[in-house]
Amino acid sequence: MKMSQLLIPTLRDDPGEAETVSHRLMLRAGLIRKVAAGIYTYLPLGLRVIRKIEQIIREEMNRAGAQELLMPIASPAELWKETARWDYYGKELLRFKDRHERDFCLGPTHEEVITDLFRREVRSYRQLPLNFYQIQTKFRDEIRPRFGLMRGREFIMKDAYSFDLDEAGAKVSYQNMYDAYTRIFTRCGLTFRPVEADTGLIGGDVSHEFMVLAETGEATVVYSTEGSYAANLERAEACPPTEADTSALLPLTAVETPQRRTVEEVTAFLRVSSRQLVKTLLYRSGTESVAVLIRGDHEVNEVKLARLLQVTDVTLADPDTVQRLTGCPPGFAGPIGLQQVRILADRAVEGIKNVVVGANKADTHYQNANVGRDFSVEQFADLRNVQAGDPSSRGPGVLTLAKGIEVGQVFLLGTKYSQKMNATILDEQGKERLAIMGCYGIGVGRTAAAAIEQHHDDKGIIWPFPIAPFHVHLLTVSQSEKTTETAARLYPELENAGFEVLWDDRPDRAGVKFNDADLIGIPFQVVIGDKGLADGIVEIKIRKGGLKSRIAPHDLVDHLKTLRLEHDPSVR
Ligand code: 9G3
């Protein structure tokens, strides 16, 4: 392809709106352009990357025995009402009416639509297992779309849904997808880690997220320094404390703490460690309020709390609610004498003695408060985020925290959807059974963005060979006949040898072309100019590492074939 004939609007300067490397480089390299918040056009170069990733996904999904179909983007409300998700999701679900005033949404995911297809078309256990996938544009009206393709409102997702007769079969389907995802992200050149994830209230208990380790990731990955335990922060289990405090119980004393509300303010004022303070946080879940006790140096994990309470989400109580429940403004709530609410506590609170707590009175705290003597706790549970250095709850080692980008997630759904939608199949005895489902997603644009986060330098993108928009960037740095003729001869030779070639035939200065080539990040650059040709050579530069070599034009194709063996795992 000639660069003069492709729209590749590279930008020299940093676009102000971009906060992450991948967003910045996707705009600068002319891969994408914004149309509206979280909504982008894929320009020719960006689309080639997307298509490469899609092709890898297709190959591996087909290899895994999944079959491709394509469901509509418009989803009728009736199906979403069957699972109660029409009402469950708020504004994130983009709704519209057709000319007959019938309700629809733009599909944010397709559990309902595929389950409807399954219950209409599949009858017998003999047809199972089944796994359907599609690669399709989804819409979610995110409050805060950002980071370009990383968190868009409109985005391309590969979603897959498996159907099995029993749990054992569903587990095989799940493992099969887990393995396919491992192959997909490996082929895309990513350094990633599958981690245990929370399923929310989806039912079943198995889910993994595929996390690409990157500083700009919005997710927190927790893994053990030894052993194989890895989970996301929502899920990662805290070890209950092993040694109990054996201090003697001291007498409870009320102390004035004027205007000291936060852990920092109170502990500095009272000269105690934040580990000796127990925070009392009031949460609302549906119609109920609960108090959560947590050590001063810990943070409540709201996903764990919601799971314990068996609700979909919890929110911190507003100041008015705090005042109503405790009789004091926020910052001074405590468990002593607290009525009306259940008191839950994190396990780390169980064994500590003589702690500081709020006194349910403005500007007052208690010192030397003790569980059992001064207040009681209805239930102790793991309700906190783990911290770096905590012992692993499974196996040896201590926990390390890192940032990650979630590029894929696999779920064992069980019968959550098949039950609500009555998707049954006949078993060997002719009895109706609910199908056991799994669902599996990959963010295609996010995978491209994650690849850039992992593979770039200060000059631009360094594409992993398998997802690069082109393999060879031919740069002619003079307009002479000799240079043009050489390029025109090498171009088809390279294409015939299986290389995808982008020829920068623009009448620009060499410097501009070099900068654009580094920015766009095609793995092999070939520079053809009068000076080199006079010496009988063209120059090769490998984008990754910047290694340059000089080679006779007639040896170019063979030389690049050899280099490809090193850079393209698919030809090994
Ligand atoms: C919605 C809206 C947003 C959503 C969902 C539904 C997330 C929703 C979870 C999933 C689960 C799996 C199939 C592929 C793999 C992931 N955000 N989820 O269900 F209506 Cl507005 O999408 N779906």
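Residues numbered from 1 in each chain as written. Predicted model: local features only at pLDDT ≥ 70, side-chain atom pairs only at ≥ 80, totals over all residues. Heavy atoms only, no water.

Novice: Give me the lowdown on the packing of helix α1 (residues 21–28) against helix α11 (residues 444–454), citing residues and values where you can.
Specialist: Relative to each other, α1 and α11 sit at 100°, their axes nearing to 8 Å. In terms of their interaxial angle, α1 and α11 are classed as roughly perpendicular. Contact residues: V21, S22, L25 and M26 in α1; G445, A448, A449, I452 and E453 in α11. Grouping the constituent residues of the contact of α1 with α11 by class yields six nonpolar, two polar and one charged. (Axes fitted to C-alpha atoms, helices over the stretch in contact; angles between N-to-C directions. Helix = DSSP H or I, 4+ residues; strand = E, 2+ residues; numbered from the N terminus. Parallel < 35°, antiparallel > 145°, perpendicular 65-115°, else oblique. Contact = heavy atoms within 4.5 Å. Nonpolar A, V, L, I, M, F, W, Y, C, P; charged D, E, K, R; others polar.)

Novice: Go over the side chain of H455 with me, naming the residues and quoting the values.
Specialist: With respect to the helices and strands, the residue H455 is situated in the loop between α11 and β25 (456–457). A polar contact is formed between the side chain of H455 and the backbone oxygen of G189, at a distance of 2.7 Å. Contact partners of H455, with chain neighbours within four places excluded, come to G189, I461, I462 and P464. (Polar contact = N/O pair within 3.5 Å; in protein donor to acceptor, adjacent residues only side chain to side chain.)

Novice: Give me the packing of aromatic side chains: which residues, what numbers.
Specialist: Applying the stated criterion across every chain, the model contains 13 aromatic pairs. On the basis of an interplanar angle of 50° and a centroid distance of 6.5 Å, the ring pair of Y174 and Y440 is categorised as tilted. Of this pair, Y174 sits in helix α6 (residues 167–187) while Y440 sits in strand β24 (residues 436–443), and the two are 266 residues apart along the sequence. Aromatic side chains F185 and F210 sit 5.8 Å apart centroid to centroid with 40° between the ring planes, which places their arrangement in the tilted category. With F185 in helix α6 and F210 in strand β10 (residues 207–213), the pair connects residues that are 25 residues apart, well separated along the chain. Overall, the relative accessible area of 0% leaves F185 in the buried class. One aromatic cluster is present, formed by Y178, Y181, F185, F192 and F210 through successive ring pairs. The ring centre of F470 lies 3.8 Å from the NZ or CZ of R48, which sits over that ring. (Phe/Tyr/Trp six-rings, centres within 6.5 Å; stacked < 30°, edge-to-face > 60°. Buried < 20%, exposed > 50% of the residue type's maximum accessible area, 1.4 Å probe, protein only. Lys NZ or Arg CZ within 6 Å of the ring centre and 35° of its normal.)

Novice: Just give me the short version of the site of the ligand, but keep the residues and values in it.
Specialist: In the vicinity of the ligand lie 15 residues, with R85, P108, T109, E111 and R140 positioned nearest. E111 places a polar side-chain atom, nitrogen or oxygen, 2.7 Å from a nitrogen atom of the ligand. Interatomic distance of 2.9 Å between a side-chain N/O atom of R140 and an oxygen atom of the ligand. Within the residue set of the shell around the ligand, elements represented by two or more residues are β8 (154–164) and β24. Sorting elements by how many residues they give to the shell around the ligand places β24 first, with three residues. Classifying every residue of the shell around the ligand gives eight nonpolar, two polar and five charged. (Near = heavy atom within 4 Å.)

Novice: Quick one: what's the story with the sheet that holds strand β16 (residues 315–316), residue by residue and with numbers?
Specialist: Spatial strand order, β16-β14-β15-β17-β20: five strands in an open sheet with mixed pairing. Whereas interior strands pair on both sides, the edge strands pair on one side only; in this sheet they are β16 and β20 (379–381). Pairing analysis gives four bridges linking strand β15 (residues 288–295) to strand β17 (residues 342–346), with the strands arranged parallel. Across the sheet, V292 pairs through a bridge with L344, a residue of β17. The sheet strands contacting helix α8 (residues 302–309) are β14 (278–285), β15, β17 and β20, and the helix crosses β17 at an angle near 135°. (Pairing = 2+ DSSP bridges.)

Novice: I'd like to hear about the domain arrangement of the protein chain, residue by residue, with values.
Specialist: Think of interface size as the accessible area that goes away when the parts come together; that is how it is often given. For the protein chain, the domain assignment lists domain 1 (3–237 + 401–453), domain 2 (253–381) and domain 3 (470–571). A C-alpha centroid distance of 65 Å is found between domain 2 and domain 3. (Domains from an automatic or database assignment.)

Novice: A description of the pattern of salt bridges should follow, citing residues and the corresponding values.
Specialist: In this structure the tally under the stated criterion is 41 salt bridges. A salt bridge links D98 to R102, with the nearest nitrogen and oxygen atoms 3.4 Å apart. Owing to a relative accessible area of 46%, R102 belongs among the partly exposed residues under this scheme. Residue K513 pairs with D504 through a salt bridge whose shortest N-O separation is 3.8 Å. (Salt bridge = Lys/Arg side-chain N within 4 Å of Asp/Glu carboxyl O.)

Novice: Run through the sheet that holds strand β28 (residues 501–504), naming residues and quoting values.
Specialist: Judged by pairing direction, the sheet is mixed, and its five strands sit side by side in the order β28-β27-β29-β30-β31 without closing on themselves. Among the strands making up the open sheet, the edge pair consists of β28 and β31 (548–551). With strand direction ignored, the average angle separating the axes of adjacent strands in the sheet is 20°. Pairing geometry for strand β29 (residues 524–528) and strand β30 (residues 538–542), over four bridges, is antiparallel. Residue pairing across strands places V527 opposite E539, the latter belonging to β30. Along the sheet face, helix α12 (residues 481–496) touches β27 (472–476), β28 and β29 and points at about 170° away from the line of β28. This element, helix α13 (residues 510–520), spans β27, β28, β29 and β30 of the sheet and lies at about 170° to β27.

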